[in-house]
Amino acid sequence: PGAANNPAVPELRVTLNEFMAANASSVTDPADGDYDDWFELHNAGSAAVDLTGYYLTDNLTNWNQFRIPPGYVLPSGGFLVVWADNETAQNAIPNGDLHVNFRLAAAAEQLGLFDPNGQRVDGFGYENQADNISMGRFPDGSAGALLALDQPTPGEPNVIAGGNLPPVLQPIGNQTVAEETLLQF
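Residues numbered from 1 in each chain as written. Predicted model: local features only at pLDDT ≥ 70, side-chain atom pairs only at ≥ 80, totals over all residues. Heavy atoms only, no water.

(A) Region of interest: the sheet that holds strand β2 (residues 37–43). Here we have six strands laid out as an open sheet, ordered β8-β7-β2-β1-β11-β12, and mixed in their pairing. Of all the strands in the sheet, just β8 (98–99) and β12 (147–148) have a single pairing partner and so form its edges. Where strand β11 (residues 135–136) meets β12, two bridges bridge the pair, whose relative direction is antiparallel. Counterpart to G136 in the pairing with β12 is L147. (Pairing = 2+ DSSP bridges. Helix = DSSP H or I, 4+ residues; strand = E, 2+ residues; numbered from the N terminus.)

(B) A look at the sheet that holds strand β9 (residues 109–114). Here we have four strands laid out as an open sheet, ordered β5-β4-β9-β10, and antiparallel in their pairing. Of all the strands in the sheet, just β5 (66–67) and β10 (120–126) have a single pairing partner and so form its edges. Examined bridge by bridge, strand β4 (residues 55–57) and β9 share three bridges and lie antiparallel to one another. Bridge pairing links T57 to G112 in β9.

(C) Highlighting the environment of E87. Topologically, E87 is positioned in the loop between β7 (79–84) and β8. Under the relative-accessibility criterion, E87 is labelled partly exposed at 24%. Sequence separation between E87 and G112 is 25 residues; the distance between their C-alpha atoms is 19 Å. Among all residues touching E87, those that are not within four sequence positions of it are D32, D34, D36, H99 and V100. (Buried < 20%, exposed > 50% of the residue type's maximum accessible area, 1.4 Å probe, protein only. Contact = heavy atoms within 4.5 Å.)

(D) Focus on a nonpolar patch on the surface. Nonpolar side chains collect at one region of the surface, where I172, V177, L183 and F185 lie side by side and expose about 410 Å² of accessible area between them. The topology assignment puts I172 in the segment after β12. (Patch = residues over 30% accessible without salt bridge, like charges linked within 9 Å, V, L, I, M, F, W, Y side chains within 5 Å. Areas by Shrake-Rupley, 256 points an atom, 1.4 Å probe, with all protein chains shown as cover. Salt bridge = Lys/Arg side-chain N within 4 Å of Asp/Glu carboxyl O.)

(E) Examining the nonpolar core more closely. Core analysis: the biggest nonpolar cluster contains 26 residues, and F39, L41 and L56 have the highest contact counts within it. Broken down by secondary-structure element, the contributors of at least two residues to this core are β1 (14–20), β2, β7, β9 and β10. The residues touching F39, leaving out its near neighbours within four places in the chain, are L16, E18, F19, L56, L80, V81, V82, A84, V100, F102, L104 and L111. Counting residues in each nonpolar core, the second largest holds five residues, with M20, V27, W38 and V81 among its members. (Core = buried A, V, L, I, M, F, W, Y, C linked by side-chain atoms within 4.5 Å.)

(F) Main features of the pairing of β7. Among the six residues of β7, five are classified as buried, and the element is accordingly described as predominantly covered. Of the pairings in the sheet, the one linking β2 to β7 comprises six bridges and is antiparallel in character. By the bridge assignment for β7, L41 is matched with L80. Two elements, β7 and β8, share two bridges in a ladder whose sense is parallel. Across the sheet, W83 pairs through a bridge with H99, a residue of β8.

(G) Summary view of the packing of aromatic side chains. Tallying each qualifying case throughout the model produces five aromatic pairs. Ring geometry for F39 versus F102: centroids 6.3 Å apart, planes at 10 degrees, classification stacked. Of this pair, F39 sits in strand β2 while F102 sits in the loop between β8 and β9, placing them 63 residues apart in sequence. One exposure class covers both F39 and F102, and it is buried. For the ring pair W63 and F114, a centre distance of 6.3 Å and an interplane angle of 45 degrees mean the geometry is tilted. Here W63 is found in the loop between β4 and β5, whereas its partner F114 is found in strand β9, with 51 residues between them in sequence. On the basis of relative accessible area, F114 is assigned to the buried category, the value being 5%. Put simply, the rings of F19, F124 and Y126 touch in pairs and so form one group of aromatic residues. (Phe/Tyr/Trp six-rings, centres within 6.5 Å; stacked < 30°, edge-to-face > 60°.)

Scope: geometric values only; no functional claims are made or implied.
Have a look at this one:
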């Protein structure tokens, strides 16, 4: 009200942030106590995102494998744990987690998030996974390579050894050079 309309669609910054495809004894599904495989969505954007009608898949050529039902809103900076347990009836349990109709393979596979029009929002392939090791992005929501994480953190920020620390550089002493002269150190 009182301002010009903005027809631009806000940038969607939801990523597949962390996953564990070989959960042998690490993290239990609160719905049934099983050690199910899981992955996590993270909203790095500045606005909440209603995921109703988005799709999740473990095969990037089959983008509409699982349609996210109504009620899953990912707040800015928030996380959503998705259990890849083929037990979608557990979505009725009001714990906030999502359960999809597929499982993750410990062998090489893919994982993808698609918008309601079938456009890929995020996705990747992964190689063979070791038991109880999660792979994720650091910092959360960043692009690039997936890292083996020190500990699984479903629904929480990812952690790596040393934390998110700036690099340590050796002090550089005062330098004096003539104008338009190359300075190397």
